[in-house]
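So you can see what is in the structure, the chains are spelled out below.
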Amino acid sequence: MTPMASLARATHGELLALAAGGDQSAWNELVERFSQMVWSIARSFRLDDATAKDVSQTVWLRLVENIQRIDDPERLPGWLATTCRREALRVKGMRDRVVPTDFQYDVADESPSLEAMLVEDEEAREVVIAFGSLSEECQQLLRLLTTDPPLSYEEVSEIIDRPIGSLGPTRARCVERLKAALLARISGAGSDSLDSGDDAQ
Amino acid sequence: MTESTPQHDEMLVSLIQQGLKDSDRPPADVTAFAKAVFSWRTINAELAWVSYDLPNEEMSPDE
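Everything numeric here is computed off the predicted structure, so don't read it as measured data.

Caption draft 1: Local environment of the side chain of A:T147. Checked against the element boundaries, A:T147 lands in the loop between α7 (136-144) and α8 (153-160). For A:T147, the side chain forms a polar contact with the main-chain oxygen of A:P149, separated by 2.9 Å.

Structural data, given as structure tokens:
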């Protein structure tokens, strides 16, 4: 059993090597480090909670099965992200074979989700409520670009199957949409006035 | 929020990050499963051992 303090400072590769040798505490540290990222990726595919749970659990199972075969341990975040994407698309494909072909920036829903109500910081809560009104594509992109630990643009590009060069401009447009939604909430104008914005280029 | 500068945008993105961190926590049973699944890493070896033993035991009475 490795001391917890040293595990917290260990690199992903060191943890993976310890876990591959049978160290449960190193494995637990990997789970603590990446479970939120895996969950965020699964949720970014708009899966319901039960399906997102199945996807997350499958990802961890795949890691256990392949723990001796990860070629580059320091690229573990990318491996987890790719595995999660494949599994999410597999289950999503079984239910719904229609895949959007382009980003949409329209406002989908302005009602606050239960999840948003869990945010303690008032300012962040307002942002999350406004975030919930963005299109699925914007939500997915912003979710993937704000994971902890962070994913690289290359990894995000692979997850959403978009050219890496399109991510920056799309992120900027989604942030503009978010600002408009937030402004509409703050001013109490509702989402009806959003279509007049000049950011949907 | 009416001004639009790169600093404001980054502040907004960090607020999303903070908000999603709270609202998007993985359920406790997902994390518990992920930790527990570690004990399955030896399952193949154990199954191989069992399947190796079974025929030997089944053969014993006939011998």
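Caption draft 2: The arrangement of empty space enclosed by the protein in detail. Within the structure shown, the criterion is met by one cavity of 30 Å³ or more. By volume, the largest cavity amounts to about 80 Å³. Surrounding the largest cavity, A:Q36, A:S40, A:R143, A:T146, A:T147, A:D148, B:Q17, B:L20, B:K21 and B:D24 form its lining. At the level of secondary structure, the elements contributing two or more residues to the lining of the largest cavity comprise α3 (24-44) of chain A together with α1 (6-23) of chain B.

Caption draft 3: View of the packing of aromatic side chains. Scanning the model with the defined rule gives three aromatic pairs over all chains in all. With centroids separated by 5.2 Å and ring planes inclined at 25 degrees, the aromatic side chains of A:W27 and B:F38 adopt a geometry described as stacked. With A:W27 in helix α3 and B:F38 in the loop between α2 (28-36) and α3 (43-59), the pair connects residues from two separate chains. Pairing B:F33 with B:W40 gives two aromatic rings, centres 6.0 Å apart and planes at 80 degrees, and the pair type is edge-to-face. With a relative accessible area of 42%, B:W40 lands in the partly exposed category. Members of the aromatic cluster, joined through ring pairs, are A:W27, A:W60 and B:F38.

How each quantity is defined
Residues numbered from 1 in each chain as written. Chains lettered and ligands numbered in written order. Predicted model: local features only at pLDDT ≥ 70, side-chain atom pairs only at ≥ 80, totals over all residues. Heavy atoms only, no water. Helix = DSSP H or I, 4+ residues; strand = E, 2+ residues; numbered from the N terminus. Polar contact = N/O pair within 3.5 Å; in protein donor to acceptor, adjacent residues only side chain to side chain. 1 Å grid on protein atoms, 1.4 Å probe; cavity = no way out; pocket = protein on both sides within 12 Å on 5 of 7 lines; lining within 4 Å. Points joined across faces, edges and corners; volume = space filled by probe spheres on them. Phe/Tyr/Trp six-rings, centres within 6.5 Å; stacked < 30°, edge-to-face > 60°. Buried < 20%, exposed > 50% of the residue type's maximum accessible area, 1.4 Å probe, protein only.

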